[in-house]
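# Analysis of the macromolecular model
If you want the building blocks of each chain, they are given just below.
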Amino acid sequence: MSESEDKKIDRRKFLARGAKAALSIAAASIIAKTLYDKTGPSGEPETGLVSLPDFSVPAKDGQVISVVKGSDRIQTVDKAIDSLGGIERFVKPGDVVVIKPNVAFTTAPGLGATTNPNLVAEVVRLCYTRGQAKTVYVTDNPINDAESCFALSGVGKAAAQAGAKVILPKDRFFKKTTLKGGKLIKNWPILYEPLAKANKIIGIAPVKNHSRAGASMTMKNWYGLLGGRRNVFHQDINLTITELAMLVRPTLVILDGTEVMMTNGPTGGSFSDLRRKDTMIASCDQVAADAFGCTLLDMKIDDLAYLSMAEKAGVGKTDYQSLKPANL
Amino acid sequence: MSSNKIPRYESIISAGVILLLCGIAAAIILPQFSQQTSGQTQNTSEPAAGESIENILSQLSPKGFSAVSKAAVYDADTLYEKIDGRAPLYTESGFEKLFTRLYKSDSNEIVTFEIFVYGMAKPENALAVYSQQKRDDAEDLTDFDFGYQTSNAIFCSLGKYYLEIIGSAQSAELVKSMTESAVAIKAALPSGGAIKTEEMVILQKAGAEAGTIKFSTDNTFSCKELTNIFSAEIKVDGKPATIYLSKRTDEKEAIALADAYAKFLARIGATEKKIALPAESARCFDEFGPIEVVFNNGNFLAGVHEAADMELAAKAAKMLNEVLKGAN
C-alpha cells in the first residue's frame, strides 16, 4: 500500500488492522513457544559443561577387591567391605554419599533385573552408622518411569527406610558433560545434580546377562547416569561402557552375584533366568570387579571386549588375581 | 473509500505467504506428532491391529487384579525405554509395536503381573523371538500351540504376536490368573493366534514332540548362511533327536544352502562320514561327537542336528525324508 493511501486510512480501519497485527504476533508467539526445543540440536556449541570429580580413595595393596561366598546378602556385603578396610575407609564423618543402584526396570526385586533393595539398605546403613555420613542419596535414571521403577523394585522404600534420601531424576538435574579423550560421551546430559552435592559415590549392581553388551555389571551400571535419548549408545556398546567407566571414578563398587541372571538379560522375566552363585564382590577397581563377575556368567574376560578396552584406558585391571582378592 | 481497497496482487502475495507458512508449520508439527504417538500414549490413532490389542488389554479384567495404568505403546524408536538392551532382539526380527499393561492384586499390592504383547511383522518373526528365549524349565501350556509357563511367567507365540506375562512372584495362584489372561488374549485375537506353515505341518507329520517346534531367522546352529529354519524334537526308538527344515525358493537354492552348511561344518573341524543315508544328496558329519546330517529334497533344506550317534541320525533323517517325499 502506498504512503498516500495510508494517510487516507480512517480510525476504524486503523484499529482493525492494529488488532489483526496484534493477533498475528500473539499467534506467532504461541506457535514459537509450542515448537521451542529446549534441548536444541545435537550439534550445539559446548558451553557450560560440567565434569565429575574423582571420587576414588587412595589405593591399599591387597585391599582392592574382595570376594565373599554366602547366600545372605547382608552378611556377605558386610564381610566384603570389611575385608577392604571397612566402610570407614571409604566414608568419613560428614561425607555426602551417592549410592547408584541399578533400578532400570519396573520389575519385582526377586527377578534380579534391578539391585536387591535389602543390599542397598544395608550399604546405606553402613554409611550412616559406621561411616557417619552426613547424607546418603540414592539415585538412578531408569529406563522406565522412575517413580514406578523405584516403587516396584523395592529400592525406593528400602533406601528411604534406611535413612537415605531417594532422588528421582528431573530435567533440571541433568547437565551436559564431555569425557576428555572420549569419542562418544560428548556434550551429553548426565544426572549431575545429586553428584554435585556428593564427595563419594558407591555403585551397586547385580550380575546380569545382557543381550547387547554380553554382561551388565558395575561398569554398565553407570549407564543409568546418562540422560537424553541414550539408546544411541547401544550402537557401540563396548566403547560406551568403557567411556562410562572412564567418566565415573567411584569410591567403591559392589557387585551382587548372589543370584545371577544367566539368560534373557538385562530384563529377564522368569525366575528360571536366575542361578544361585552366592557371591558378593566389593572393589575399588570396577574393571577387576567385572572381570571376576564375568566368571559367574560362565564367560571369559575376552568375551567382554569392554573389559580390555577399559584396562587399556587405565581404568583398572582385568587380571583380578594379581590384585590378590581378599577371601578368594 | 475505493482508495483504501487493497490491491489484488497484495492479496495474492499474502495468501501465498500464509500458505507457505502453513506448509512449514505442518512440516514441523506432523513429524513430532507422529513421534509422540509412538511413545507411551493412549487415545492415539494406531493401525487397526494396534487398536485391537489396546482394546483387548483395556477390556481385560483378570479376576482379583486391577490395572495400575492404561496400556502403553512403544515402537521401534522407543522400545529401548521399556526393555533397554534387549530391544535389538526384537527390532532385528521384524518388530512393529509393543503394548504393555501392569496389573496388581486387589488383596496384596506387591503382587503384580505385567502383560507384554509384541506385535511383529509376520507370525514367523513372533515364533523366532519366542523360540530364541524359550526357557529350559518350560512347562508347555496345553491351550496353546506355542506357549509355556515357568514358575512366575507365561510365554506364547500367537500368530504375529509374541506374548509375555511376567509375574512378580513364584505363585501357582498368580500363574493361574496369568494363564487365564493369556487364554483371554488368544481368544480375542482375530485369528485366534493360529500359525501354521508348510514346514510345521511336515515336522508334525515327522513326529515332532508337542511344543518343541522352533524357528530361527538367522545364524541357525551358529552358521550365518542358515536362515529361516524350523526345527523340532522327535523320538527315534525312544531316543531324542532334532530335525530341521526350511522351504526355499527353488531346488537350486536348497542345494546351495545344504552345501553352505556342509562347508561350514568342515570349516569348524567336523569330519565327514560315509554312511547309508536316505537321500542321495545327504551328507553326514561328526562334529566332535554329535552327528549332523544335511540334505535337500526338492526345494526343502532338511537335516538332523546334533544326534547322539550315526544310527540315530540316519534314522531321523529317513523319517523326515519319508514325509518330504509326499510334500514335493
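The rules behind these values
Residues numbered from 1 in each chain as written. Chains lettered and ligands numbered in written order. Predicted model: local features only at pLDDT ≥ 70, side-chain atom pairs only at ≥ 80, totals over all residues. Heavy atoms only, no water. Contact = heavy atoms within 4.5 Å. Buried area = accessible area lost by both parts, 1.4 Å probe. Salt bridge = Lys/Arg side-chain N within 4 Å of Asp/Glu carboxyl O. Polar contact = N/O pair within 3.5 Å; in protein donor to acceptor, adjacent residues only side chain to side chain. Helix = DSSP H or I, 4+ residues; strand = E, 2+ residues; numbered from the N terminus. Phe/Tyr/Trp six-rings, centres within 6.5 Å; stacked < 30°, edge-to-face > 60°. Buried < 20%, exposed > 50% of the residue type's maximum accessible area, 1.4 Å probe, protein only. Lys NZ or Arg CZ within 6 Å of the ring centre and 35° of its normal.

Right, let's get into the interface of chain A and chain B. In this complex, chain A contributes 35 residues to the contact, which on the side of chain B involves 34 residues. When the two sides are added together, the surface that chain A and chain B hide from each other amounts to roughly 2,700 Å², 50% of it contributed by carbon and sulfur. At the junction of chain A and chain B, the tally comes to 3 salt bridges. Between Lys220(A) and Asp84(B) there is a salt bridge, with the nearest N and O atoms lying 3.7 Å from each other. Where chain A meets chain B, there are 10 residue pairs in polar contact (both at pLDDT 80 or more). Top contributing element to the side of chain A that touches chain B by residue count: helix α2 (residues 11-35) of chain A, with 3 residues.

A full pass over the atoms with the stated rule returns 18 aromatic pairs over all chains. Measuring from ring centre to ring centre gives 4.0 Å for Tyr90(B) and Tyr118(B), while their planes differ by 0 degrees; the resulting arrangement is stacked. Note that Tyr90(B) is positioned in helix α4 (residues 87-91) and Tyr118(B) in strand β4 (residues 112-120), a separation of 28 residues in sequence. With a relative accessible area of 0%, Tyr90(B) lands in the buried category. Among the residues examined, Tyr118(B) registers a relative accessible area of 0% and is labelled buried. Each ring, one from Tyr148(B) and one from Phe155(B), has its centre 5.0 Å from the other, and the planes form 25 degrees; the classification is stacked. Of the two residues, Tyr148(B) and Phe155(B), both sit in the buried class. An aromatic cluster of three or more residues is present, and its members are Tyr90(B), Phe95(B), Phe116(B), Tyr118(B), Tyr130(B), Phe146(B), Tyr148(B), Phe155(B) and Tyr162(B). The aromatic ring of Tyr223(A) is capped on one face by Lys220(A), whose charged end is 4.0 Å from the ring centroid. Against the face of Phe144(B) rests Lys186(B), its NZ or CZ located 5.2 Å from the ring centre.

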